[in-house]
Amino acid sequence: MAVAGMDPLSQPTADSASWQGEPGHGRLLTLENVTKAFSGKDGTMTQILHPTNLTIAHGERIAIVGPSGSGKSTLLSLLGTLDMPTSGTLRYNGDDVTAMGERQRSDLRAARIGFVFQQFHLIASVSALENVMVGLQYTTLPRAERRDRATAALEQVGLGHRLRHRPSQLSGGEQQRVAIARALVKRPDIIFADEPTGALDTDTGHTILDLLFAAADSGASLVVVTHDPNVAARFPRRLHIRDGVVREIAGETTREGDGHA
Amino acid sequence: MRKPLRKPLHKPLRTRVADLMHSAWIGATGRVSRTILASLGIALGVAAYVALSGIAASNQATLLARLDALGANLQVVTPGQDAARQTIPLPDYAPETIARQPNVEQVGVFTTPPEKIQIFKNQLVPTSNGNALALNIMAPGALDAIGATYAHGHGIDRNNEHLPVAVLGSEAAWRLGVTDVGDRVLIDNEWYGVIGILDPLPQAETLNTSAIIGKAWALAHYPDQAADIAKINAIYVRTVAGDAETLRRMIAHAANLAGGNVSVTASADLSKARNATSDSLTTLGLMIGVIALAVGGMSIANMMIVTVMERRGEIGLRRALGATPGNIRMQFVAEAAMLSALGGLAGILIGAGTAGGVALTAGQPLALDWGGLPLAWGAAVTVGIMAGLYPAGRAARLTPTEALRSE
């Protein structure tokens, strides 16, 4: 069975080794010669991502930087299984995601992958707690447990006193914290954050980043797309993307946020 | 140590339905004013149907009551004739056997009056000046079976049937110049006290021009004709509403178990009117309801298309959180169904209120088509589901990246 490693039906003993590797060891995600192209209106294909090989290890923290339009978000969508590559293979825990059906990929996202977006994407008409519970809606957990976990996740991001507030009653930073709680609540293998501080002021952005790092400390990998060099500087591993070409940025070590310690 | 989720592939059905209803509720009620506007069409459709069928039902109840008063459920059994045109008398047991039949509510017996009886206001009226009034002899309770009501006084019962008292039909009272009980009339040169004057009886026209006396008195007063007087002249049979032809056959059989001819006449035209009325009014309500529901469905479809465009971000988010295209489709279909279900409930309330108000002002009994209410609601929900299919399909076809890019 191709997806045995992440098959949600697997018994805990059967595959625990494959996903519970120590941080820095074991491949969580790999891109093998992955490309992405979109067809334009005139029928020509525009190459957004040139052939890329990339490995993300368990517990790794990675920043993806680059100018706007460079393909950052496309790369993130591919890694997060939201989009399928035009060619090449994406492996999750060794399993070929590109060979999976829509439903399996959805199940994978539901159980293992957390997302945080620049625009928060909270549902305006329901409370913070309900918004976090939506993060577990497509899992099999019973409602009561979803509620308990969502409460715990909101407490973890410091919003234990804001459970009943609607998004409109929260500040931008608080809204993003709700979004982070929504990503955390499923205890994901990996969190993808697309410009998580883009809509926030510097101080708030700093706090949000701290929260993401703290969340990753529980063992999740963290991939953040940013155009802010100050944000990127806090990551031990940085990828630069320009015109669809990804390369590693070598250089100084991080000042902080070293989750490997 | 973190624990990843260990999930079976499918949630239990109850959880799935509960989650679906929950997100449908959130989605449908997220914007109250829009929810009201979108479900207004459905509400009006259901209200139109419920109100119209309710008004129709009230009208019908009133009309049927009137038709029944006119005798739509009244059959008259009279002696039949044989091939030689000789009258076959009704057997004495006929009232009892007829009364025993199912669907028969009341039986009233009139016996044969003596011949050549003249009725006058007093002895001063020349006997040549006949006023075309007839004498009828009734057993106690016979007028009740016809459904007669009294303009003045009361009828002949077991307490006064052996006394020289008479009940006058409305026309008879007018012709005799009797305006109230306590007066007396001269029947076959014998004074009778008038104890009751009837209202006009459209269901038994002949009684309007009759003076009616009790059977016990008649037998005692005409001992030489007692055998003839005891013969049954007519049996009025009040039945529950039903197929007139079947009832007629049943009554005819019961009236003469030996199979002799009897004549059973019914107000057949009224029975037909009764059936026709109920059909046409119900059909009208249904047609208006269907048209309004279709329009309501279109307004829901319209609003769902706008909703799907507006909530692309949410759709993208839900896809990122693990919703399959099927989950998204179900969510929006359920939302449309929720809108129409709410609209349907509102429509039932509005319609029932309208029907009740109309019935109240018209002084009619409130009759709702109770069996039609769940059907109307079910039709509304079905319309909502159908209206939601296309917008939900569009939502489900959005790729996560398309949906997330939208803002």
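Please read these numbers as outputs of a predicted model, since none were measured by experiment.

A. Quick look at the overall build of chain A. In terms of helices and strands, chain A carries eight helices and ten strands. A buried classification covers 57% of the 261 residues belonging to chain A. Contacts spanning at least 24 positions in sequence make up 70% of the contacts within chain A whose residues lie at least 6 apart. With an accessible surface of roughly 10,600 Å², chain A has 49% of that area assigned to carbon and sulfur atoms.

B. Inspection of the side chain of D194 of chain A at higher detail. Residues and elements named next belong to chain A. Tracing the backbone through its elements, the reader meets D194 in strand β7 (residues 190-194). K72 provides the closest opposite charge to the buried, salt-bridge-free D194, at an N-O distance of 7.1 Å. Separated by 3.3 Å, the side chains of D194 and S73 make a polar contact.

C. Up close: the UniProt feature "transmembrane region" (unreviewed entry) in chain B. Here the UniProt feature "transmembrane region" (unreviewed entry) sits at residues 36-57, 284-309, 336-360 and 372-390 of chain B. The span residues 372-390 of chain B shows a helical share of 100% and a strand share of 0%, and its end C-alpha atoms are spaced 28 Å apart.

D. Summary view of the environment of L29 of chain A. All names here are of chain A. Its place among the elements puts L29 in strand β1 (residues 27-39). Each C-alpha atom of the pair L29 and I56 lies 5.0 Å from the other, and the pair is 27 residues apart in sequence. If sequence neighbours within four positions are ignored, L29 has contacts with L54, T55, I56, L79, L90, R91, Y92, I190 and F192.

E. Structural detail: the packing of aromatic side chains. All names here are of chain A. Going through the model one piece at a time under the given rule, you end up with five aromatic pairs over all chains. Note on F213 and F235: the rings are 4.9 Å apart at their centroids and 45 degrees apart in plane angle, and the pair reads as tilted. Within this pair, whereas F213 is found in helix α7 (residues 202-216), its partner F235 is found in the loop between α8 (229-232) and β9 (237-242), the two being separated by 22 residues in sequence. Owing to a relative accessible area of 4%, F213 belongs among the buried residues under this scheme.

F. Here's a closer look at the pairing of strand β11 (residues 232-239) of chain B. All names here are of chain B. Burial of β11 is extensive: seven of the eight residues sit out of reach of the surface. The sheet contact formed by strand β1 (residues 74-81) and β11 spans four bridges and is antiparallel. In the sheet register, V77 faces β11, and the bridge partner there is I235. Across seven bridges, the pairing between strand β3 (residues 104-111) and β11 is antiparallel.

G. Seen up close, the pattern of salt bridges. Applying the stated criterion to the full structure yields 24 salt bridges over all chains. Between R149 of chain A and E145 of chain A there is a salt bridge, with the nearest N and O atoms lying 3.4 Å from each other. A residue pair is termed a helical-turn pair when its members lie 3 or 4 positions apart in one helix, as R149 of chain A and E145 of chain A do in helix α5 (residues 143-156) at four residues. Note that D183 of chain B and K121 of chain B form a salt bridge whose closest N and O atoms lie 3.7 Å from each other. Pair noted here: D183 of chain B is in the loop between α5 (170-176) and β8 (184-187) and K121 of chain B is in the loop between β4 (119-120) and β5 (134-138), with a separation of 62 residues, a long-range link. Where salt bridges share partners, they join E130, R143 and R146 of chain A together with D19 of chain B into one cluster.

H. Molecular detail of the packing of helix α6 (residues 172-184) of chain A against α7 of chain A. All names here are of chain A. Interhelical geometry of α6 versus α7 gives an angle of 15 degrees and a closest axis separation of 10 Å. Viewed along their axes, α6 and α7 adopt a mutual orientation that is roughly parallel. Remark: the crossing between α6 and α7 carries right-handed chirality. Across the interface between the two elements, G173, Q176, R177, I180 and L184 from α6 touch T204, I208, L211, L212 and A215 from α7. Of the residues assigned to the contact of α6 with α7, the class counts are six nonpolar, three polar and one charged.

I. Spotlight on the nonpolar core. Counting 75 residues, the largest nonpolar core has I64, L79 and F192 of chain A as the members making the most contacts within it. Counting residues per element, this core draws most heavily on helix α11 (residues 325-362) of chain B, at nine residues. If near-sequence neighbours (up to four positions away) are discounted, I64 of chain A is found in contact with K72, L75, L79, V223, V224, V225, T226, L239 and I241 of chain A. Counting residues in each nonpolar core, the second largest holds 41 residues, with L129, M133, L154 and A179 of chain A among its members.

J. Seen up close, the pairing of strand β7 (residues 165-168) of chain B. All names here are of chain B. On β7, burial covers both faces: V165 and V167 on one face and A166 and L168 on the other are all buried. Relative to strand β9 (residues 190-198), β7 runs parallel, the two sharing four bridges. Pairing of A166 across the sheet is with V194, part of β9. Alignment of β7 against strand β10 (residues 210-214), held across three bridges, turns out to be antiparallel. Residue A166 lies in a different strand from β10, and its bridge partner there is I213.

K. Broad picture of the sheet that holds β7 of chain A. Residue and element names in this part refer to chain A. The six strands lie next to each other as β6-β7-β8-β3-β9-β10, forming an open sheet whose pairing is mixed. The open sheet terminates on both sides in strands that have one partner only, identified here as β6 (113-117) and β10 (245-249). Averaged over all neighbouring strand pairs, the angle between strand axes comes to 20 degrees, with direction disregarded. Across five bridges, β6 lies against β7 in parallel orientation. Directly across from V116, in β7, lies its bridge partner A193. Across the face of the sheet, helix α2 (residues 72-79) comes into contact with β3 (61-65), β7, β8 (221-225), β9 and β10 while running at roughly 155 degrees to β7.

Rules of the game
- Residues numbered from 1 in each chain as written.
- Chains lettered and ligands numbered in written order.
- Predicted model: local features only at pLDDT ≥ 70, side-chain atom pairs only at ≥ 80, totals over all residues.
- Heavy atoms only, no water.
- Helix = DSSP H or I, 4+ residues; strand = E, 2+ residues; numbered from the N terminus.
- Buried < 20%, exposed > 50% of the residue type's maximum accessible area, 1.4 Å probe, protein only.
- Contact = heavy atoms within 4.5 Å.
- Areas by Shrake-Rupley, 256 points an atom, 1.4 Å probe, with all protein chains shown as cover.
- Lys, Arg positive; Asp, Glu negative; His and termini not counted.
- Salt bridge = Lys/Arg side-chain N within 4 Å of Asp/Glu carboxyl O.
- Polar contact = N/O pair within 3.5 Å; in protein donor to acceptor, adjacent residues only side chain to side chain.
- UniProt positions renumbered as here; feature names shortened; annotations may be inferred.
- Phe/Tyr/Trp six-rings, centres within 6.5 Å; stacked < 30°, edge-to-face > 60°.
- Pairing = 2+ DSSP bridges.
- Axes fitted to C-alpha atoms, helices over the stretch in contact; angles between N-to-C directions.
- Parallel < 35°, antiparallel > 145°, perpendicular 65-115°, else oblique.
- Left-handed = near helix turned anticlockwise from the far one by under 90°.
- Nonpolar A, V, L, I, M, F, W, Y, C, P; charged D, E, K, R; others polar.
- Core = buried A, V, L, I, M, F, W, Y, C linked by side-chain atoms within 4.5 Å.

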